[in-house]
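As a plain string of letters, each chain reads:
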Amino acid sequence: MVDINWYPGHMVKTKKKIKENLKYIDVVVELIDARIPYSSKINEFNEMFKNKKKILVLTKYDLCDKKETEKWIKHYEEKNYRVISLDLIKGDVKKFFEIIENVMEETVSKREDKGMLKKRTRSIIVGVPNVGKSTLINRLVGKKATRVGNKPGVTTSLDWIRISDKLELLDTPGVLWPKLTEEKVALNLASFSAIKESVLPLDDVATYILETLKTYYPNLLKNRYGLDIIPDDIVELYDEIGKKRGCLIKGGEIDYDKVVNIVVNDLKSGLISNITFDRKDD
Ligand SMILES: Nc1nc2c(ncn2[C@@H]2O[C@H](COP(=O)(O)OP(=O)(O)OP(=O)(O)O)[C@@H](O)[C@H]2O)c(=O)[nH]1
Ligand SMILES: [Mg+2]
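What comes next is a walk through the structure. Since the model is a prediction, treat every value here as computed from it, not as a measurement.

1. Some points on helix α9 (residues 234-244)
Along α9, the residues that are buried comprise L237, Y238, I241 and G242. The arc that holds the buried residues of α9, viewed along the axis, is 135°, so those residues lie on one side. Residues of α9 that are exposed and angled more than 90 degrees away from the buried face: V235 and E236. Downstream of α9 by a residue or two, G246 has a phi angle that is positive, lying close to 65°.

In structure tokens:
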């Protein structure tokens, strides 16, 4: 069992802030990483947002295994989410506007029937660190309204951002009050940079990445590191990658730390893509 003792103070504050803002919120937009649609989904949101309209966005669609994603979309649709998958970098975000309008249609027309004033839809964007919350907002605004970065914890405060006459969004810092006690979840979150590198031993993360690739994506693993075969033994696998990449220390020994860093960084920077680590059928 990995030992995780991590619950930064700002997580507590964020939770309090979300709760304070709850009464203003019409729609909850929950983001999960398409490569880990189970591990990056926060259970606590179910209870917290139980009476709200909900949209689930699978981000990083460009990096996931599309066949697996289809299964997850179906899974969450059966749980009554409106689900969309998005490539937030190159994809079209028009779909997002359509869905949010669609979800709000009933409420808006009810207000109109009652002769009430038009009001902007208020929506909150939530999800684990690094999932793409700020990127989504920037895409919707069409300019850099909020900061993004490829590490967890870039957004630290809660801000309302006006998208249009119809829509206002609340960006939130990434939150993690999930199933971190599940070892696989923690490893998945670490593999895709939702938790800081210091939380788990990096060699555990690299080994997990290699084992998972070996199981589900052997060809991607072979191609990435130029391997003819994948050794059964994990140490031999490290050795092979080390040799291919010239990770050697004096005396021709393999520099394992270097291999660990290469593997973790290849995943983090999307150099190994079309992968999904949470398997619907497992
Ligand atoms: N390839 C790809 N990269 C993405 C996508 N969405 C976001 N990213 C990248 O993921 C990283 C994190 O994005 P952010 O928008 O800062 O994530 P966040 O959820 O706001 O993170 P915190 O504020 O730390 O909680 C950035 O490097 C983005 O460029 C996507 O759909 N595809
Ligand atoms: Mg952010």
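2. Brief notes about the sheet that holds strand β1 (residues 27-33)
Remark on secondary structure: sheet strands pair via backbone hydrogen bonds, oriented parallel or antiparallel. On the basis of which strands lie adjacent, the open sheet formed by six strands has the order β3-β2-β1-β4-β6-β5 and mixed pairing. Sheet topology places β3 (82-85) and β5 (159-162) at the edges, where each strand pairs with a single neighbour. Ignoring strand direction, the axes of neighbouring strands in this sheet form an average angle of 25°. Sheet strands in contact with helix α4 (residues 94-113) are β1, β2 (53-59), β3, β4 (121-127) and β6 (167-171), and its direction is about 175° off that of β3. Contacts from helix α5 (residues 133-141) reach β1, β2, β4, β5 and β6, with the element oriented near 155° to β6.

3. Quick look at the packing of helix α6 (residues 183-191) against helix α7 (residues 202-216)
Here α6 crosses α7 at 95°, and the two axes come no closer than 10 Å. Compared by their axis directions, α6 and α7 come out roughly perpendicular. Counting all contacts with α6, which are made through L187, A190 and S191, the residues of α7 involved are V205, Y208 and I209. The residue makeup of the contact of α6 with α7, split by class, is five nonpolar, one polar and no charged.

4. Here we look at the nonpolar core
By size, the foremost hydrophobic cluster in this structure holds 60 residues, and its most contacted members are V29, V57, I125, L189, A190 and I209. Looking at this core element by element, the count peaks at six residues for α7. Residue-level mapping places this core at the junction of two domains, with at least three residues from each of domain 1 (9-171) and domain 2 (201-268). In this view, L189 contacts S39, S40, V128, A194 and I195; residues no more than four positions away in its chain are not counted.

5. Notes on the packing of α7 against helix α10 (residues 256-268)
When two helices pack together, their arrangement is given by the angle between the helix axes and the distance between those axes. Where α7 meets α10, the closest approach of the two axes is 9 Å, and the angle between their N-to-C directions is 65°. Considering only the axes of α7 and α10, their crossing is left-handed. For the pair α7 and α10, the contacting residues are L202, D203, V205, A206, I209 and L210 in the first and V260, V263, V264 and L267 in the second. Its residues assigned to classes, the contact of α7 with α10 shows nine nonpolar, no polar and one charged.

6. What to know about the environment of R120
Inspection of the secondary structure puts R120 in the loop between α4 and β4. Sequence separation between R120 and D26 is 94 residues; the distance between their C-alpha atoms is 9.5 Å. What R120 contacts, discounting residues up to four positions off in sequence, is D165, K166, L167 and E168.

7. With respect to the environment of M11
Among the secondary structure elements, M11 is positioned in helix α1 (residues 9-21). Between the alpha carbons of M11 and G174 there is a distance of 8.1 Å; along the sequence they are 163 residues apart.

8. A few points about unusual backbone geometry
Not every positive phi belongs to a glycine, and N80 is a case in point at roughly 70°. The topology assignment puts N80 in the loop between α3 (66-78) and β3. Unlike most non-glycine residues, S193 shows phi in positive territory, near 60°. One can find S193 in the loop between α6 and α7. Assessed through the 20 C-beta atoms surrounding it within 10 Å, S193 is described here as buried.

The rules behind each value
- Residues numbered from 1 in each chain as written.
- Chains lettered and ligands numbered in written order.
- Predicted model: local features only at pLDDT ≥ 70, side-chain atom pairs only at ≥ 80, totals over all residues.
- Buried ≥ 20, exposed ≤ 12 C-beta atoms within 10 Å, placed from the backbone.
- Helix = DSSP H or I, 4+ residues; strand = E, 2+ residues; numbered from the N terminus.
- Arc of directions from axis to C-beta.
- Pairing = 2+ DSSP bridges.
- Axes fitted to C-alpha atoms, helices over the stretch in contact; angles between N-to-C directions.
- Contact = placed C-beta atoms within 7 Å.
- Parallel < 35°, antiparallel > 145°, perpendicular 65-115°, else oblique.
- Nonpolar A, V, L, I, M, F, W, Y, C, P; charged D, E, K, R; others polar.
- Core = buried A, V, L, I, M, F, W, Y, C linked by C-beta atoms within 7 Å.
- Domains from an automatic or database assignment.
- Left-handed = near helix turned anticlockwise from the far one by under 90°.

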